[in-house]
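Analysis of the macromolecular model
Residues per chain are reported as follows:
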Amino acid sequence: MPKVCTAAYVYGIVQGVGFRYSTQRQAQELGVTGYARNCDDGSVEVVACGEELAVERLMAWIKQGGPRGARVERLLTEPYPPTQFESFKIRY
């Protein structure tokens, strides 16, 4: 079972700029599992599970703005029930 899971809601210019794909790549490099998906309100939901430090690093990367072309204006995080994901996927 993963040590921690965090749900993050990312607001700003985060759709149509490769945000989910870049987040997936970053998560895979950190060994984090979970998913990223676009929400109807223009935000992106990210659920990240793994070692606490790896999840914190992913959240810090998101908070710093994510990929080039994105602009993160607000990041809300909350604990997420520990869940076993096989990998980090993009959900549609």
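It should be noted that the structure appears before, not after, this text.
Right, let's walk through the structure included here. Source: prediction; values computed, not measured.

Points about the overall build of the protein
- Across its full length, the protein carries two helices and five strands.
- N-terminal to C-terminal, the α/β element order of the protein is β-α-β-β-α-β-β.
- For 92 residues, the compact-globule estimate of 2.2 N^0.38 gives 12 Å, and the protein sits close to it at 12 Å.
- The C-alpha extent of the protein, read off along each of the three principal axes, is 35 × 20 × 20 Å.
- Within the protein, the proportion of its 92 residues that are buried is 45%.
- For the protein, the proportion of contacts with a sequence separation of at least 24, taken over those separated by at least 6, is 78%.
- Both charge centroids of the protein, one from 11 positive and one from 10 negative side chains, sit 5 Å from each other.

A closer look at the nonpolar core
- One finds V10, F19, V32, V44, V46, L58 and I62 to be the most contacted residues of the largest nonpolar core, which totals 19 residues.
- Elements represented by at least two residues in this core include exactly β1 (4-13), α1 (19-30), β3 (44-50) and α2 (52-63).
- The dominant element in this core, judged by the number of residues it contributes, is α2, at six residues.
- When neighbours within four sequence positions are excluded, V46 is seen to be in contact with T6, A7, A8, V10, T23, Y35, A36, M59, I62 and F88.
- Membership of the second largest hydrophobic core comes to six residues, among which are A7, Y35, V47 and F85.

Some details on the state of the cysteines
- The full count for this structure, using the stated rule, is one disulfide.
- With no disulfide of its own, C39 has C49 as its nearest cysteine by sulfur position, at a separation of 16 Å.

Thoughts on the pattern of salt bridges
- Enumeration according to the criterion identifies three salt bridges in this entry.
- In this structure, K3 engages E51 in a salt bridge whose closest nitrogen and oxygen atoms are separated by 3.4 Å. Here K3 is found in the segment before β1, whereas its partner E51 is found in the loop between β3 and α2, with 48 residues between them in sequence.
- For K3, a relative accessible area of 60% gives the class exposed.
- R37 is the partner of E45 in a salt bridge, and the nearest nitrogen-oxygen pair spans 2.6 Å.

Details of the sheet that holds strand β5 (residues 88-91)
- With mixed pairing, five strands are arranged side by side in an open sheet as β4-β1-β3-β2-β5. Edge positions in the open sheet fall to β4 (71-79) and β5, since each of these has one partner strand only. Strand after strand, the sheet turns through a mean of 15 degrees between neighbouring axes, direction not considered.
- Of the pairings in the sheet, the one linking strand β2 (residues 33-38) to β5 comprises four bridges and is parallel in character. For A36, the partnering residue across the bridge sits in β5 and is I90.
- Along the sheet, α1 contacts β1, β2, β3, β4 and β5; its crossing angle with β5, the most-contacted strand, is approximately 170 degrees.

The rules behind these values
- Residues numbered from 1 in each chain as written.
- Predicted model: local features only at pLDDT ≥ 70, side-chain atom pairs only at ≥ 80, totals over all residues.
- Heavy atoms only, no water.
- Helix = DSSP H or I, 4+ residues; strand = E, 2+ residues; numbered from the N terminus.
- Rg over C-alpha atoms; globule rule 2.2 N^0.38 Å.
- Buried < 20%, exposed > 50% of the residue type's maximum accessible area, 1.4 Å probe, protein only.
- Contact = heavy atoms within 4.5 Å.
- Lys, Arg positive; Asp, Glu negative; His and termini not counted.
- Charge placed at Lys NZ, Arg CZ, Asp CG, Glu CD.
- Core = buried A, V, L, I, M, F, W, Y, C linked by side-chain atoms within 4.5 Å.
- Disulfide = S-S within 2.5 Å.
- Salt bridge = Lys/Arg side-chain N within 4 Å of Asp/Glu carboxyl O.
- Pairing = 2+ DSSP bridges.
- Axes fitted to C-alpha atoms, helices over the stretch in contact; angles between N-to-C directions.

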